[in-house]
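Residue-level structural notes
The residues making up each chain are set out below.
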Amino acid sequence: MKYRYLIFDVDDTLLDFYAAYSQAQRAVAARLGVAFSAEYAETDEALGWKYWAEFGLDNTGDPDVQRHYHDYYFKYLNHHFTALAQAFGSQAQAEDLLEAYFSALASCRKPMEEATLPVYRKLSQTYGMMIATNGVGRVQRARLRDFLPASAGVYISEEVGWIKPAKAFYQRLLEDGNCRPQDCLMIGDSLSNDMSGAAALGMSTCWYNRKKRPVPSQPKVDWMIETIEELPGLLRGGASG
């Protein structure tokens with residue numbers, strides 16, 4: 001069948017999250033007044049994973065986390081940045097570090113591939129393009145500035161009130177698009193949040209597998225691409241047929 005909507009994940013699908021995160025790490029180090037180094041990065045990441053686990057932010061399948069993710073996320077950031085300042089003997093306040101972090105993330109609009117934006121714009125001539133991302137509204141909207149003119153809808157978890165893979169998140173897209181699950185194809189890199197969440201509602205799924213990982217038996221994956229340039233051909237030859 002021919003899809004009405006293509007739904008795209010953002011981080012590590014449309015945009016390069018690692019580039020944005022690296023930029024944000026450097027901005028926080030500068031606000032702390034310390035040099036960015038391997039030692040700094042290791043300390044930052046160790047503290048980050050410690051508090052990420054403490055607040056259960058990896059448990060995106062938990063209904064409580066799905067509904068209250070951003071409450072936990074902001075608490076996690078506060079603990080992370082407070083501990084980071086203490087680790088380097090800085091007097092910087094957590095809220096100032098958070099602002100530096102978000103501002104740096106928001107300013108990085110590097111696409112995942114050179115062809116990502118041209119392919120997205122080309123497909124928008126045929127399909128309604130939706131964006132579905134877990135993240136903070138002001139950060140993600142700034143990063144997506146180049147994609148917004150070609151998009152029919154942008155759904156950011158902080159604004160929706162639920163995170164992927166919650167059914168409520170995807171149902172919001174269906175309601176706004178006045179469409180059925182079978183009218184939509186979800187494209188993303190996350191098996192747990194993108195593929196599992198969309199498939200649970202009956203949407204078709206396309207796994208963006210740039211790392212060439214083995215295709216799992218679960219969750220259900222209907223299609224797979226390793227580069228964004230494969231997507232138009234897939235839609236012409238199989239997924240749209």
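Whatever comes next refers back to the structure up there.
One structure accompanies this document, and this report is about it.

Of regular secondary structure, the chain possesses 10 helices and 6 strands. Taking 18 Å as the expected radius of gyration for a compact globule of 241 residues, we find that the chain reaches 19 Å, a close match to that expectation. For the C-alpha atoms alone, the extent of the chain along its principal axes is close to 60 × 35 × 35 Å. Out of the 241 residues in the chain, the part that is buried amounts to 54%. For the chain, contacts bridging at least 24 residues in sequence account for 62% of all contacts bridging at least 6.

In the contact formed by helix α1 (residues 17-32) and helix α4 (residues 94-106), the axes pass within 8 Å of each other and the chain directions differ by 145°. The hand of the α1/α4 crossing is right-handed. On the side of α1, the interface is formed by Phe17, Ala20, Tyr21, Gln23, Ala24, Ala27, Val28, Arg31 and Leu32, while α4 contributes Asp96, Leu97, Ala100, Tyr101, Ala104 and Leu105. The class makeup of the residues in the contact of α1 with α4 is 12 nonpolar, 1 polar and 2 charged.

Let's shift gears to unusual backbone geometry. With omega at 15°, the peptide bond leading from Lys164 into Pro165 counts as cis. As for its placement among the helices and strands, Pro165 is situated in the loop between α7 (157-160) and α8 (167-177). Omega for the bond connecting Gln218 with Pro219 falls within 30 degrees of zero, at 0°, which places this linkage in the cis form. Along the chain, Pro219 falls in the loop between β5 (204-208) and β6 (223-225). Non-glycine residue Lys212 carries a positive phi angle of around 55°.

Attention now moves to the pairing of strand β3 (residues 153-156). With burial as the criterion, each face of β3 is covered, one bearing Gly153 and Tyr155 and the other bearing Val154 and Ile156. Two strands pair when backbone bridges link them, and strand β2 (residues 128-133) and β3 are joined in this way by 4 bridges, in the parallel orientation. Bridge pairing in β3 places Thr133 opposite Ile156.

Considering all chains together, one arrives at 13 salt bridges under this definition. Note that Glu159 and Arg141 form a salt bridge whose closest N and O atoms lie 2.9 Å from each other. Taken together, the residues Glu159 in helix α7 and Arg141 in helix α6 (residues 137-143) connect sequence positions 18 residues apart. Among the residues examined, Glu159 registers a relative accessible area of 40% and is labelled partly exposed.

If you trace the backbone, Ser90 turns up in the loop between α3 (63-87) and α4. Accessibility expressed as a relative area gives 14% for Ser90, which makes it buried. Along the backbone, Ser90 and Arg31 are 59 residues apart, and their C-alpha atoms lie at a distance of 9.3 Å. A distance of 3.1 Å separates a polar atom in the side chain of Ser90 from the backbone oxygen of Leu32. Here the side chain of Ser90 touches Ala92 through a polar contact of 3.1 Å, landing on its backbone nitrogen.

What counts and what doesn't
Residues numbered from 1 in each chain as written. Predicted model: local features only at pLDDT ≥ 70, side-chain atom pairs only at ≥ 80, totals over all residues. Heavy atoms only, no water. Helix = DSSP H or I, 4+ residues; strand = E, 2+ residues; numbered from the N terminus. Rg over C-alpha atoms; globule rule 2.2 N^0.38 Å. Buried < 20%, exposed > 50% of the residue type's maximum accessible area, 1.4 Å probe, protein only. Contact = heavy atoms within 4.5 Å. Axes fitted to C-alpha atoms, helices over the stretch in contact; angles between N-to-C directions. Left-handed = near helix turned anticlockwise from the far one by under 90°. Nonpolar A, V, L, I, M, F, W, Y, C, P; charged D, E, K, R; others polar. Pairing = 2+ DSSP bridges. Salt bridge = Lys/Arg side-chain N within 4 Å of Asp/Glu carboxyl O. Polar contact = N/O pair within 3.5 Å; in protein donor to acceptor, adjacent residues only side chain to side chain.

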